[in-house]
Structures are given as C-alpha cells and as structure tokens.
Amino acid sequence: MSSYKRLFVTGGCGFIGSNFIRYALANRSDVHVLNFDKLTYAGNAENLADIESDERYSFVRGDIADRKAVSDALSDDFDAVINFAAETHVDRSILDAGEFITTNVLGTQVLLEVARQTSVSRYVQISTDEVYGSLGSTGYFTEKTPLAPNSPYSASKAAADLIVRSYHHTFGLGVVITRCSNNFGPYQFPEKLIPLFVTNALADEKLPLYGDGLNVRDWIYVDDHSSAILAALERGTVGEVYNIGGGNERSNVEITRAILAALGKDGSLIHFVKDRPGHDRRYAIDSQKARRDLGWKPLHSFGDALEATVRWYVDNPTWWQRVKSGEYRDYYQKQYGSR
Ligand code: NAD
Ligand code: TYD
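Residues numbered from 1 in each chain as written. Chains lettered and ligands numbered in written order. Predicted model: local features only at pLDDT ≥ 70, side-chain atom pairs only at ≥ 80, totals over all residues. Heavy atoms only, no water.

Colleague: Is there a simple way to think about helix H4 (residues 98-116) in this case?
Modeller: Given 3.6 residues per turn, any residue in an α-helix points the same way as the ones three and four places further on. Counted at 1.5 Å a residue, the expected span for H4 with its 19 residues is 27 Å, and the 26 Å between its end C-alpha atoms agrees. Taken together, the buried positions of H4 are Phe 100, Thr 103, Asn 104, Val 105, Gly 107, Thr 108, Val 110, Leu 111, Leu 112, Glu 113, Val 114 and Ala 115. (Helix = DSSP H or I, 4+ residues; strand = E, 2+ residues; numbered from the N terminus. Expected span 1.5 Å × (residues − 1). Buried < 20%, exposed > 50% of the residue type's maximum accessible area, 1.4 Å probe, protein only.)

Colleague: In this structure, what is going on with the pattern of salt bridges? I would like to understand it.
Modeller: A pair can form between side chains of opposite charge whenever their charged atoms are brought close. Enumeration over the complete set of coordinates arrives at 19 salt bridges. The salt bridge involving Glu 234 is made with Arg 28; its shortest N-O contact spans 2.8 Å. In this pair, Glu 234 is assigned in helix H7 (residues 222-235) and Arg 28 in the loop between helix H1 (15-27) and strand E2 (32-37), connecting sequence segments 206 residues apart. Looking at Arg 28, the relative accessible area reads 18%, which means it is buried. Salt-bridge contacts for Glu 191 lead to Lys 192; the nearest nitrogen and oxygen are separated by 3.5 Å. (Salt bridge = Lys/Arg side-chain N within 4 Å of Asp/Glu carboxyl O.)

Colleague: What's the story with the site of ligand 1 in this structure? I'm lost.
Modeller: Taken together, 28 residues are adjacent to ligand 1, and Ile 16, Asp 37, Thr 88, Tyr 153 and Lys 157 come closest. Within the contact set of ligand 1, an oxygen atom lies 3.0 Å away from a backbone nitrogen or oxygen of Phe 15. Burial of ligand 1 by the protein amounts to 97% of the accessible area it has alone, namely 840 Å². Elements that contribute at least two residues to the shell around ligand 1 include exactly H1, strand E5 (122-128) and helix H5 (152-171). The leading source of residues in the shell around ligand 1 is E5, at three residues. Residues belonging to the shell around ligand 1 are distributed by class as follows: twelve nonpolar, twelve polar and four charged. (Near = heavy atom within 4 Å. Polar contact = N/O pair within 3.5 Å; in protein donor to acceptor, adjacent residues only side chain to side chain. Areas by Shrake-Rupley, 256 points an atom, 1.4 Å probe, with all protein chains shown as cover. Nonpolar A, V, L, I, M, F, W, Y, C, P; charged D, E, K, R; others polar.)

Colleague: How do you make sense of the nonpolar core when you look at a structure like this?
Modeller: For soluble globular proteins, nonpolar side chains are generally found buried alongside one another. By size, the foremost hydrophobic cluster in this structure holds 31 residues, and its most contacted members are Phe 8, Phe 36, Leu 74, Val 81, Leu 111 and Tyr 123. Counting only elements with at least two residues in this core, the list comes to E2, helix H2 (67-73), H4, H5 and strand E6 (175-180). No other element matches H4, which puts five residues into this core. Every residue in contact with Val 81, bar those within four places of it in the chain, is listed here: Phe 8, Leu 74, Leu 111, Ala 115, Val 120, Arg 122, Tyr 123 and Val 124. Formed by 29 residues, the second largest nonpolar core is a distinct cluster that contains Tyr 187, Val 198, Ala 201 and Tyr 221. (Core = buried A, V, L, I, M, F, W, Y, C linked by side-chain atoms within 4.5 Å. Contact = heavy atoms within 4.5 Å.)

Colleague: So what exactly am I meant to see when it comes to the site of ligand 2 here?
Modeller: Neighbouring ligand 2 are 19 residues, the closest being Glu 130, Pro 208, Arg 217, Arg 276 and His 279. In this structure, an oxygen atom belonging to ligand 2 sits 2.5 Å away from a side-chain N or O atom of Glu 130. Look at ligand 2: alone it shows 510 Å² of surface, and the protein chains cover 97% of it. Elements with a minimum of two residues in the shell around ligand 2: helix H6 (193-202) and strand E8 (207-210).

Colleague: How should I be thinking about the packing of H4 against H5 in this particular structure?
Modeller: Axis angle and axis distance: for two packed helices, these are the angle between their axes and the distance between the axes, and together they describe the pair. Between H4 and H5, the least distance of the axes is 8 Å, while the angle of their chain directions is 15 degrees. Considering their axes alone, H4 and H5 lie roughly parallel with respect to each other. At the point where H4 passes H5, the crossing takes the right-handed sense. Between H4, through Phe 100, Ile 101, Asn 104, Val 105, Thr 108, Gln 109, Leu 112, Glu 113 and Arg 116, and H5, the contact on the second element is made entirely by Tyr 153, Ser 156, Lys 157, Ala 159, Ala 160, Ile 163, Val 164, Tyr 167 and Phe 171. (Axes fitted to C-alpha atoms, helices over the stretch in contact; angles between N-to-C directions. Parallel < 35°, antiparallel > 145°, perpendicular 65-115°, else oblique. Left-handed = near helix turned anticlockwise from the far one by under 90°.)

Colleague: Just checking my understanding: could you explain the pairing of E2 for this structure?
Modeller: Every other side chain in a regular strand lies on the same face of the sheet, so the side chains alternate between the two faces. Burial analysis of E2 places five of its six residues in the buried class, which makes it a mostly covered element. Pairing of strand E1 (residues 6-10) with E2 involves five bridges; the strand directions are parallel. Of the residues in E2, the one forming a bridge with Arg 6 is His 32. In this region the chain leaves E1, passes through H1 and returns to the parallel neighbour E2; the handedness of that crossover is right-handed. (Pairing = 2+ DSSP bridges. Right-handed = clockwise from strand over helix to strand, strands pointing away.)

Colleague: Would you explain the sheet that holds E2 in this entry?
Modeller: Sheets are built from strands paired through backbone hydrogen bonds, the pairs being either parallel or antiparallel. Read from one edge to the other, the open sheet built from seven strands follows the order E3-E2-E1-E4-E5-E6-E11, with strand pairing classed as parallel. Two strands lie at the open edges of the sheet, namely strand E3 (57-61) and strand E11 (241-244), each paired on one side alone. Ignoring which end each strand starts from, the neighbouring axes of this sheet average 20 degrees apart. Alignment of E6 against E11, held across four bridges, turns out to be parallel. Paired with Thr 178 across the strands is Tyr 242, a residue of E11. On the sheet, H5 packs against E5 and E6 and is oriented at approximately 155 degrees with respect to E5.

Colleague: What is the right way to look at the packing of H6 against helix H10 (residues 302-315) in this model?
Modeller: Where H6 meets H10, the closest approach of the two axes is 10 Å, and the angle between their N-to-C directions is 50 degrees. Considered as vectors, H6 and H10 are oriented oblique to each other. Between H6 and H10 lies a crossing of right-handed hand. In contact with Ile 194, Pro 195, Val 198, Thr 199 and Leu 202 of H6, H10 contributes Leu 306, Val 310, Tyr 313 and Val 314. Grouping the constituent residues of the contact of H6 with H10 by class yields eight nonpolar, one polar and no charged.

Colleague: Would you take a moment to explain the pairing of E5 for this structure?
Modeller: Of all seven residues in E5, seven are buried; the element is thus mostly enclosed. Neither face of E5 is open: one carries Arg 122, Val 124, Ile 126 and Thr 128, the other Tyr 123, Gln 125 and Ser 127, and all of them are buried. Note: strand E4 (residues 80-83) against E5, four bridges, orientation parallel. Residue pairing for E5: Asn 83 is matched across the bridge by Gln 125. In terms of strand pairing, E5 meets E6 through six bridges, oriented parallel. Residue pairing for E6: Thr 128 is matched across the bridge by Cys 180. Where the polypeptide runs from E5 across H5 and back to E6, its parallel neighbour, the crossover connection is right-handed.

See the structure below:
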C-alpha cells in the first residue's frame, strides 16, 4: 500500500519510465498512473503494450515544456509527480544541446510551477550521477559531492536539480531528488552502450568502443532503480537528495566482453574509435544514505541481470529492429564515420 496512489509520471514511454510504471503497477495494487510523454525518438508506446489495457493506467501525449498542455493534464487529482522526461543521450547533447535545455531545464521548471499550484504533495526528480562530473581511480560520489557536470546533458540535469531545490526552499514544494548510476535492462534505446552493443553483435556489426575502452560506469539493473524511486517517493524526506547505485563498477571493455561471451561471439567485432569529447572517466556511487534512510538495497546480481537483459534483446528482435531507425544510423555515421 502506498500513501501516494495517483501518480503523474512524465517520460513513461522511455526506458526507465516504462519499466518503472510496470514495476509500480505490479508492486502497488492501489496505485494509478497517468503517463505524460511527448513521444520523442526515444519514447515508444510499445514499451507499455502489455499494460495498456490496465484500468489503472492512462496516457496523454504532451510536452513538459508546454505550460498549457501540462496544466490541462496535471490537476488536483494527483498525489505525486515523478519526472523521468528528458533528453538523455550524452552524444546527442554534444551534437546539439538545444533540446536538452528546453526539455531538461525549462520543462522541469514548467512541471514544478504547475505542480505547486495543485494539491500534489510530492515531486520526485529523476536525476543522474553524471551531475557530479568525473572521478579519478578512487573515491565515490556522495550527496555532498559538489556538482561539476561536464557534458551539455549532465549540465542540463544539474541545472534542473537546482531549480527543483529552489522550488522546495522558496515555495515549500515537497521535492525529492534521486541521482542514479547507469541503468540497463529491457526496452533501453539502442543508442546507449549495452543495447547498442548487444543489437550490433546480433547483426554481426562492429561495436564502437570510445577511446581506450577503460572508462568506468557503476551499473544498476533497471528494476533496482524502480524500487529505489518508489522508496524515495514513499519514505524520502522532502528537500533531500538520494544517490542510487548498483555497486557494479565495470570498464566499457569488460561490459563489451561480457556481452560477447553471453552471445557466444568473439572479440573481432570490437572496434576502437575516437574518444567522446569531454568523456567522463569514472562514475561510482556511494548509496549508503538511500540504504540507511530509505531501507532500500539493490536485489539483482550484475551477472544474472546482464544475461537476462541480453536474452531479452535476443528474444525481442522486432522491438529493437524497429527502433534502430535510419536516423540513428545517420547520426553514428556523422559522429564516428562508417563502421
Ligand atoms: P529515455 O531517453 O529512454 O526516455 C526519455 C523519455 O522522455 C521518452 O519517452 C521521451 O519521449 C520522453 N520525453 C522527452 N522529452 C520530453 C518532453 N519534452 N516532454 C515529455 N516527454 C518527453 O530516457 P531514460 O534512460 O529512460 O531516462 C529517464 C530519466 O532517468 C531521465 O531523466 C534521465 O536523465 C534519468 N537517468 C537515466 C539513467 C540511465 O542510465 N538511462 C541513469 C540515471 C538517470
Ligand atoms: P552511455 O550508454 O552513452 O551512457 P553515459 O555516457 O551516460 O554513461 O555510455 C556508457 C559508456 O560507454 C560511456 O563511457 C561511453 C561508452 N560508449 C562507447 O564506448 N561506445 C558507444 O557506442 C556508446 C554509446 C558508449
């Protein structure tokens, strides 16, 4: 049972949002969700085809930066807003940052502004560990680590976090911010490392590893992120930030080799390409605060969850073949040349 029963979820047709909605409906029998999503290239209504007919679920197509559309959809009927909607791919933000500022910064402010004029009592901002910048080979991001974003994507997310904070301090809105590490799982758009490499390998296409392949990310299975978001919604203290991490630090080359092993392929598909500009070297999360204050912990082992994820892409070729569009190919061509 949850004291937040009527959820206004934005960006629910994307990777984490769709997994979260499925998780929340399955784990809280009294929860109703309205999914407000613009359906950008990353949003896919198919991601929720299995729950479309659930009477506790409804969908409105709209843009979080459109004040009227948000006002029309977000009324006193809701207990909480959970904001997943964002432009999310670092490489795209390097090519063109404009949409990142419009959606991630202005869109967040529009949502906050409308939310504060309703009876919504919780606003959860889904942020990222990338707002802290890059670590050397030691140390962890805590909630006290200064914000030092390095890409237009992470800068837009950091800006949004500060606006969320201001709406708590100035207007008393009941905000909570979560900052999670890199997620993986089903329905992730194949522009991100794991689904890109799995689907490329399945098609015997090259796997473009940036730089020396030794950049490190702290991976978490998406359902463990979803359980943390529910915990932050239900048990978080307003005005607080919670770091969420899986505690699974892996270099990109380790991830690549694990994917190839799961698919029974050899290393000949690995293709080292020029590095991403401003590429953050290492992310690692200290999630002790969430574990202690929210009573949360991740439940999935990295190896098993990665294998299950690889299997999901193997079993769902129609899904990823459809989303691997011409636009995606043109974009990689422009950035990294032909493969
Ligand atoms: P995604 O790119 O898969 O999905 C984003 C969704 O937002 C899409 O459905 C898209 O249509 C929607 N959207 C985009 N602009 C919109 C707008 N203006 N109005 C309404 N909807 C809009 O993203 P994701 O990977 O699921 O990430 C979700 C959230 O989690 C983001 O806020 C991201 O910053 C954060 N996050 C992601 C990760 C990760 O590893 N993917 C890690 C930590 C935090
Ligand atoms: P990504 O999935 O884009 O997430 P983020 O940059 O937000 O952490 O990338 C994860 C890591 O994988 C990052 O170090 C960049 C690297 N990477 C590659 O080496 N090749 C690729 O084609 C992609 C998409 C990412």
